[in-house]
2 protein chains.
Amino acid sequence: MAIDLRLMRYVLAVAEEGGFQRAAKRLVMAQPPLSRQIRNLERELGVTLFERRPTVRLTEAGRVFVESARTILAESDRLAERTVLASRGEYGTIRVGYIYSAVFETLPRLVAATGRSHPGVTVYVRDAWTPELDAALLADTYDLVLSRDLPQRPEYRRETLRRERLVAVVDEGHPLVRHGRAGLRDFAGQRFCHPPRHLAPDRYHFMTTALERTGETFERWESPIHGLGHLDLGDRRSFALVAGSAVGQVPVGTATIAITDDLPALELQMVWKRDNTSATLEIFIDNARGVAHREGWNDPA
Amino acid sequence: MAIDLRLMRYVLAVAEEGGFQRAAKRLVMAQPPLSRQIRNLERELGVTLFERRPTVRLTEAGRVFVESARTILAESDRLAERTVLASRGEYGTIRVGYIYSAVFETLPRLVAATGRSHPGVTVYVRDAWTPELDAALLADTYDLVLSRDLPQRPEYRRETLRRERLVAVVDEGHPLVRHGRAGLRDFAGQRFCHPPRHLAPDRYHFMTTALERTGETFERWESPIHGLGHLDLGDRRSFALVAGSAVGQVPVGTATIAITDDLPALELQMVWKRDNTSATLEIFIDNARGVAHREGWNDPA
DNA sequence: CCTCCGGATACCCTGCGGGTATGGCGATTG
DNA sequence: CAATCGCCATACCCGCAGGGTATCCGGAGG
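This section reports on the structure supplied with the text. Every chain begins its residue count from 1, and numbering advances along the sequence as written. Working convention: letters from A go to chains and numbers from 1 go to ligands, in the order in which they are written. Where local features are concerned, this predicted model is filtered to residues with pLDDT of at least 70; where side-chain atom pairs are given and counted, the filter is 80 or more; whole-chain, interface and lining totals use all residues. Just so you know, side-chain values use all the structure's heavy atoms and leave hydrogens and water out.

As a further point, take the packing of helix 1 (residues 5-17) of chain A against helix 4 (residues 60-87) of chain A. All names here are of chain A. As a rule, the C-alpha atoms of each element are fitted with a line to give its axis, helices using only the stretch in contact, and angles between N-to-C directions run from 0 to 180 degrees. Counting from the N terminus, the helices are the DSSP runs of H or I reaching at least four residues and the strands are the DSSP runs of E reaching at least two. Where helix 1 contacts helix 4, the axes come no closer than 9 Å and their chain directions differ by 125 degrees. With respect to helix 4, the axis of helix 1 lies oblique. Here the hand of the crossing between helix 1 and helix 4 comes out left-handed. Contact with helix 1, carried on its side by L5, M8, R9, V11, L12, A15 and E16, involves F65, V66, A69, R70, I72, L73, S76 and D77 of helix 4 and no other residues of that element. Among the residues making up the contact of helix 1 with helix 4, the classes are represented as 10 nonpolar, one polar and four charged. Oblique is the label for any angle not under 35 degrees, not over 145, and not in the 65 to 115 range, which are roughly parallel, roughly antiparallel and roughly perpendicular in turn. In a left-handed crossing the near helix is turned counterclockwise from the far helix by less than a right angle, and in a right-handed crossing that turn is clockwise. By definition, residues are in contact when any of their heavy atoms lie within 4.5 Å. Ten residues, namely Ala, Val, Leu, Ile, Met, Phe, Trp, Tyr, Cys and Pro, are considered nonpolar, four, namely Asp, Glu, Lys and Arg, are considered charged, and the remaining ones, Gly among them, are considered polar.

This part is about the protein's contact with DNA strand D. Only a single heavy atom is needed: when it lies within 4 Å of a molecule or strand, its residue is near that molecule or strand. Among the 21 residues in the neighbourhood of DNA strand D, the closest are listed as Y10, A30 and R36 of chain A together with Q21 and R52 of chain B. Here DNA strand D approaches the protein such that, of its atoms within 4 Å, sugar and phosphate make up 60%. A distance of 3.1 Å is found between a base nitrogen of DNA strand D and a side-chain nitrogen or oxygen belonging to Q31 of chain B. When residues of the surface near DNA strand D are traced back to their parent elements, those giving at least two are helix 1 and helix 3 (31-45) of chain A together with helix 2 (20-26) and helix 3 (31-45) of chain B. Take the surface near DNA strand D: its biggest share by element is five residues, from helix 3 of chain B. Per-class residue counts for the surface near DNA strand D are nine nonpolar, five polar and seven charged. N or O atoms within 3.5 Å of each other form a polar contact, as long as, within protein, one can give a hydrogen and the other can take it, and as long as residues adjacent in sequence are counted only when both atoms are side-chain atoms.

Within a sheet, adjacent strands bond to each other through the backbone by hydrogen bonds, running parallel or antiparallel. All names here are of chain B. At least two bridges found by DSSP between two strands is the condition for calling them paired. Overall, mixed pairing links the five strands, which are arranged 4-3-5-13-6 in an open sheet. The open sheet has two edge strands with one neighbour each: strand 4 (121-127) and strand 6 (156-164). Strand-to-strand twist across the sheet, computed as the mean angle between neighbouring axes with direction ignored, equals 20 degrees. In the sheet, strand 3 (residues 92-98) pairs with strand 4 via seven bridges, with the strands oriented parallel. Bridging across to strand 4, I94 finds its partner in V123. Helix-sheet contacts for helix 5 (residues 106-117) involve strand 3, strand 4, strand 5 (144-147), strand 6 and strand 13 (266-273), and the interaxial angle to strand 4 is about 165 degrees.

Before going further, it helps to examine the environment of N276 of chain A. Considering the arrangement of structural elements, one finds N276 of chain A in the loop between strand 13 (266-273) and helix 8 (279-295). Excluding anything up to four places from it in sequence, N276 of chain A contacts D143 and L281 of chain A.

This part takes up the protein's contact with DNA strand C. Taken together, 20 residues form the shell around DNA strand C, and within it Q21 and R39 of chain A together with Y10, A30 and R36 of chain B come nearest. Restricting attention to atoms of DNA strand C within 4 Å of the protein, one finds that 62% of them are sugar or phosphate atoms. Measuring from a phosphate oxygen of DNA strand C, one finds a side-chain N or O atom of S35 of chain A at 3.0 Å. R39 of chain A places a side-chain nitrogen or oxygen 2.9 Å from a phosphate oxygen of DNA strand C. For the surface near DNA strand C, the secondary-structure elements that each account for two or more residues are helix 2 (20-26) and helix 3 of chain A together with helix 1 (5-17) and helix 3 of chain B. Per element, the largest residue contribution to the surface near DNA strand C is five residues, and it comes from helix 3 of chain A. Residue composition of the surface near DNA strand C, by class: nine nonpolar, five polar and six charged.

This part takes up helix 5 (residues 106-117) of chain A. Residue and element names in this part refer to chain A. Take the residue count of a helix, subtract one, and multiply by 1.5 Å to get its expected span. Across its 12 residues, helix 5 extends 17 Å between first and last C-alpha, which sits within 8% of the 16 Å expected from 1.5 Å per residue. Within helix 5, the full set of buried residues consists of T106, L107, L110, A113 and T114. Taken down its axis, helix 5 places every buried residue within 135 degrees of arc, on the same side. Its buried side turned inward, helix 5 meets strand 3 (92-98), strand 4 (121-127), strand 5 (144-147), strand 6 (156-164), strand 13 and helix 8. When a residue's accessible area, from a 1.4 Å probe over protein chains only, is under 20% of the maximum for its type it is buried; when over 50% it is exposed; and in between it is partly exposed. Throughout, the arc means the angular range of directions from the helix axis out to the C-beta atoms.

Written out as C-alpha cells, the structure reads:
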C-alpha cells in the first residue's frame, strides 16, 4: 500500500486539531476509523508519528511528515485548478519570437495585456532576425512570431498587427532635428545605416527602393552586428530608418525625424501555424487583436 | 471525490506509454478499469486530458496535469523516505550556536562530518557571544551550543569537546614571531588586546589572571566590536590571546606564537538541554564525540 | 475510589476500484 | 472494397479497503 493524499489529510488534521476526536469531526467521519488509518500508516512506515499520552503531540518524524504533506496537498489542490485553466488556455506557456523593432513598444504592450487578463499564462519571448524566426516557427520552437516579411507558406496564418510610418533616426546634433520632419530627399548624400542585409533582405529592399525613388544618391553603411547596431550613428551626416513605434525609445544621443514621403506603411505581422491548436495561443492572439484595436495600430502614425 | 496519487500515476503512465493498454500493463492491471478511472477523472474536472483518436496524445491541459503530477509524485515518494529517516534522527535540522573562536576549525569539522555521514541533516549555525548563547539555549532557539564558559544550570548537560592551549596572535612583524614560541612574560609591557569584556567575562578573567601571575604589567585595549575585532592589532607591540585551533586561520598580516606557560587548558564545551529529545541532536553529539576522539581534541596542542 | 474524557479494539457493511467478456471504430492490407 | 487487426469503450460482476456503531480501557482530576 502506498501513502495517498487521504492519509496525508488525516495526519494533518490530527496534527492541527491536536486530537483524534476533533480531527475526526473536522474530517466529517468517526474517530475509530481515523485512529486505525493512522495506526496502519505508522505500522507500515515503522515509525510513530504521534505521542498519544498524556496528550496527542507530533514526534520529530511526525513533524517532517506534516511539513512535506502540507506542500504536497497544497500542490495537489492547485493541480486541478491549473488543469481546468489550462483547458481554457488560461494556464500555460506561449513562445513568441519577434524582430528587434517590435521590442520598443508593440511587444511589451502585448505581454503586459496578456499578463493582466490571464495571470496563469507565461509568455516566453526571444528576439531574432527574420530567417531565424521562420525556421523556429516551422520547427515549432515558437508558437507565434512578430515579423515584417516572413516568407509565405501554406501552413502559416498571418494577420497584420500594426501599420507604421518610417521615421529616421539621427544623431541629436543632426541639422534636420529641429524641424522634426523631413522628406527622404533631404538626406541626399548622407550615409544610410542599415542592419546586416542578409538578415532582413525584404526590409532592405523596401528601404533602398524608397531611397532610389527620390532620384538622389546616398552613401551606405551596413552594420556588422545584430540588434540595434545600425543606430550607433557616430556623426551628423548619418541616418537610419526604423518603424514609427521607436519614437521616444531610441538610444540616448540620438533623435527621430518623421518622414513625410508618401510611402506604403511598414506592416508588422503576427504569424502562427495553422495546425497549432494551443488554446493559450488563441488567447494571446485575441488579446493582441484587442490591443491593436484599442491603440489604433492600424492607422499609420 | 478528490484526485489522489493513484490517479496521477495512471495519467502519468498513459502519457508516458502513449496508450492505455501499454500503460495498464505497466501498472499491472487490466485496461478497462484504467480507461474508466481516467474517464471519470476527465468528467470530474470537465476537461479532456487525452486525445484518443487516431492516437493517444496529451492535450494542453493534460500536459499541465502531467507536469504538476510528476513533481507531486516525486515529492510523495520522498515523504515516506524522509519520515523514516527523521524517526532515526537522520533527517531534520539542528540549530547550533557557537562562540567565534570555534569557527576556525572545530565547527567546520563537525558540520562536515555530520553532512558526510547524514546527508539528510541540515545544520543551522550561528555565532554569538556567551550571554546570547545561554539565552538562546534556554529559550530553545538553539539545540546545542559550543562555548567556553556557559553558566551552570540544572537543565543543561555538557561535555568537553576540546582542550586547547593558548596562542598569542601578533602582527607578522612582531619581534617574537621568529622564535615561534614564547612565555607570557616575554610580552611584558606590551598591549593586550581583547574582545568586549562584558560579552565574555569568564574568558577575560581567565586571561587576566594568567597575565597577572607573571608578575609583569601589561597595557590593555578592549575592542569595541564583536567578532574578530581584537585581532586588528595595528602595531608590533600588541598581542591577543586565542585558542590554539586558530593557528593557521588568523587574518593576513598576523602570526601566531605558541605560549609556553603552564596554564590550565581552554575548554570548549558542547552544551544542550537535558529535555531535548531530538534524535538529530543525538546524532550530532555522537558525531562530535567521534571527531573529537579521532582528531585527539582532548590533549591540548 | 469514582468519574469522565479520549483513544483503542471488535465487528459489521457498503461502495469503490479492479477483473472478464465483448462491442465499436479507425487504420492497414491483399 | 472487404476483411482484419489494434486499441479503446461499455457492460456487468466481485472482493476488500475503508468507514460506521458499540464498547473497552487507561489516565487525570475531584
